[in-house]
Amino acid sequence: MTSDRRTLAQLRVQARQARDCGHYAAAARLERQAVELAGALHLTGERTRALLWEGYSLRQAGEEDLALAALLQAAGERSAAADPADVFAALIAIVHISLERKPVSFCRALLDQGRRYLADIRRNWIAPLDFLEGELACRRGDFAAAGDWHCRAWAGWRDEHPRLTAATHLWALCRVAFRRRDPAALERLTETLAELRPIPVLERQLVQRAHLL
């Protein structure tokens, strides 16, 4: 059992390293191995977390249908052994994908579901939901509302799971400043984003995109 748990931990570390380097398909394969091993060991919490990160990795690899399949399993887990933070993070990822594929009404229903879930478990993890409200406003072309939501999300951000990365929040604020034709805010936010000096490839790309704006 100890050897199996060590193998599971090694798979998760290797998957995280692969993601940091931008090797998302490889990370997804490693997380799938972790899902299967955790399932064989009846470790519901570990399996849920591996499903979450498998879904994230698949999404970044461009496999959104497969990503949704993994994320829906994680978001639907209600066992006491599963970390509610992982369940909520999976729901957030599902909304993120849905914003690009589903009607506004469908996305609104998912956001409402997320708020009900937080009320049920009595947790105050609202920053990711506020962020997604901003993304939904951007989709509608309401950049004033998007700015308000993204500012609220960034003000409520905490560096603890579940969360979106600081770079993700700041990139969204940069994009809104660009859309609102506010060069002073864009310059200030871009500098703040660059000061993070992120390590993962995806986040470094966000810094580059902000400089291009």
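Okay, so let's go over this structure.

1. Some remarks on the pattern of salt bridges
Here the idea is simple: oppositely charged side chains can pair when their charged atoms come close.
Argument step 1. Tallying each qualifying case throughout the model produces 14 salt bridges.
Argument step 2. Between Glu 64 and Arg 101 there is a salt bridge whose closest N-O contact spans 3.1 Å. Of the two residues, Glu 64 is situated in helix 4 (residues 64-75) and Arg 101 in the loop between helix 5 (84-98) and helix 6 (104-121); the sequence distance between them amounts to 37 residues.
Argument step 3. Ionic contacts of the salt-bridge type, sharing partners, join the residues Arg 108, Asp 112, Arg 115, Asp 130 and Glu 133 into one network.

2. Focus on helix 10 (residues 183-195)
Argument step 1. With 13 residues, helix 10 ought to run about 18 Å at 1.5 Å a step, and its terminal C-alpha atoms sit 18 Å apart, in line with that.
Argument step 2. Of all the positions in helix 10, only Ala 185, Leu 186, Leu 189, Thr 190 and Leu 193 are classed as buried. Mapping the buried residues of helix 10 onto a view down its axis gives an arc of 130 degrees, with all of them on the same face. Among the exposed residues of helix 10, those pointing more than 90 degrees away from its buried face are Ala 184, Glu 187 and Glu 195.
Argument step 3. In the core, the buried residues of helix 10 are packed alongside helix 9 (166-179) and helix 11 (201-212).
Argument step 4. Arg 197 sits one or two residues past helix 10 and shows a positive phi near 45 degrees.

3. Quick notes on the packing of helix 4 against helix 5
Argument step 1. It is the contact of helix 4 with helix 5, at a shortest axis distance of 8 Å, that shows an interaxial angle of 150 degrees. As summarised for this structure, helix 4 and helix 5 are arranged roughly antiparallel, according to the angle between their axes. Helix-helix and strand crossings are classified by hand; for helix 4 and helix 5 the assignment is left-handed. Taking contact as the criterion, the partners of Glu 64, Ala 67, Leu 68, Leu 71, Leu 72, Ala 74 and Ala 75 in helix 4 are, on helix 5, Val 87, Ala 90, Leu 91, Ala 93, Ile 94 and Ile 97.
Argument step 2. When the residues that make up the contact of helix 4 with helix 5 are grouped by side-chain class, the tally is twelve nonpolar, no polar and one charged.

4. Some points on the nonpolar core
Argument step 1. Ranked by internal contacts, the top residues of the largest apolar core, which has 47 residues, are Leu 71, Phe 88 and Leu 132.
Argument step 2. The element contributing the most residues to this core is helix 5, with eleven residues.

5. Overview of helix 4
Argument step 1. In a regular helix each residue adds 1.5 Å, so twelve residues correspond to 16 Å; helix 4 covers 16 Å between its end C-alpha atoms and thus fits that length.
Argument step 2. The set of residues buried in helix 4 consists of Glu 64, Ala 67, Leu 68, Ala 70, Leu 71, Ala 74 and Ala 75.
Argument step 3. At its buried positions, helix 4 is contacted by helix 3 (44-60) and helix 5.

6. Notes on the environment of Arg 175
Argument step 1. Locating Arg 175 in the fold gives a position in helix 9.
Argument step 2. Residues Arg 175 and Thr 190, 15 residues apart in the sequence, show an inter-C-alpha distance of 9.8 Å.
Argument step 3. Setting aside anything within four residues of it in sequence, one finds Arg 175 in contact with Glu 135, Cys 138, His 150 and Leu 213.
Argument step 4. Within the structure, the side chain of Arg 175 is placed 2.3 Å from the side chain of Glu 135, a separation counted as a polar contact.

7. So, the packing of aromatic side chains
Argument step 1. The full count for this structure, using the stated rule, is three aromatic pairs.
Argument step 2. With centroids separated by 5.4 Å and ring planes inclined at 70 degrees, the aromatic side chains of Trp 53 and Tyr 56 adopt a geometry described as edge-to-face. In this pair, Trp 53 and Tyr 56 both sit in helix 3, three residues apart, roughly one turn of the helix.
Argument step 3. Both rings, one in Phe 88 and one in Trp 125, keep their centres 5.9 Å apart while their planes meet at 40 degrees; by these two values the pair is tilted. Of this pair, Phe 88 sits in helix 5 while Trp 125 is found in the loop between helix 6 and helix 7 (127-140), placing the two residues 37 residues apart along the sequence.

8. Side note on the packing of helix 3 against helix 5
Argument step 1. Packing of helix 3 against helix 5 brings their axes to within 9 Å, and their N-to-C directions diverge by 20 degrees. With respect to each other, helix 3 and helix 5 are oriented roughly parallel. The element helix 3 and its partner helix 5 pack so that their crossing is left-handed. Taking contact as the criterion, the partners of Gly 45, Thr 48, Arg 49, Leu 52 and Arg 59 in helix 3 are, on helix 5, Asp 86, Val 87, Ala 89, Ala 90, His 96 and Ile 97.
Argument step 2. Grouping the constituent residues of the contact of helix 3 with helix 5 by class yields five nonpolar, three polar and three charged.

Basis of the calculations
As a convention, each chain's residues are numbered from 1 in the sequence order in which they are written. Note on the predicted model: pLDDT of at least 70 is required for a residue's local features to be given, and 80 or more for side-chain atom pairs to be given and counted; whole-chain, interface and lining totals, by contrast, use all residues. Water and hydrogen atoms play no part in the side-chain values, which are based on all heavy atoms of the structure. For this analysis, a salt bridge means a side-chain nitrogen from Lys or Arg found within 4 Å of a carboxyl oxygen belonging to Asp or Glu. Counting from the N terminus, the helices are the DSSP runs of H or I reaching at least four residues and the strands are the DSSP runs of E reaching at least two. Helix span, as expected, comes to 1.5 Å for every residue beyond the first. Burial here depends on accessible area, computed with a 1.4 Å probe over protein chains only, as a share of the maximum for the residue type. Under 20% is buried, over 50% is exposed, and the range in between is partly exposed. Arc definition: directions from the helix axis to the C-beta atoms. Contacts: residue pairs with any heavy atoms within 4.5 Å of one another. Only the contacting stretch of a helix is used when fitting its axis, a line to C-alpha atoms as for every element, and angles between N-to-C directions run 0 to 180 degrees. Should an angle fall under 35 degrees it is called roughly parallel, over 145 degrees roughly antiparallel, and 65 to 115 degrees roughly perpendicular, with every other angle called oblique. What makes a crossing left-handed is the near helix being turned counterclockwise from the far one by less than a right angle; a clockwise turn instead makes it right-handed. Under the grouping applied here, Gly and all other residues not named as nonpolar or charged are polar, the nonpolar ones being Ala, Val, Leu, Ile, Met, Phe, Trp, Tyr, Cys and Pro and the charged ones Asp, Glu, Lys and Arg. The set of buried Ala, Val, Leu, Ile, Met, Phe, Trp, Tyr and Cys residues whose side-chain atoms join them within 4.5 Å is what this entry labels a nonpolar core. Counted as a polar contact is a pair of N or O atoms within 3.5 Å, where, for protein atoms, one must be capable of donating a hydrogen and the other of accepting one, and residues adjacent in sequence contribute only when both atoms are in side chains. Side-chain rings of Phe, Tyr and Trp, where Trp is taken by its six-membered ring, are said to pair if the distance between their centres is within 6.5 Å; with planes under 30 degrees apart they count as stacked, over 60 as edge-to-face, and otherwise as tilted.

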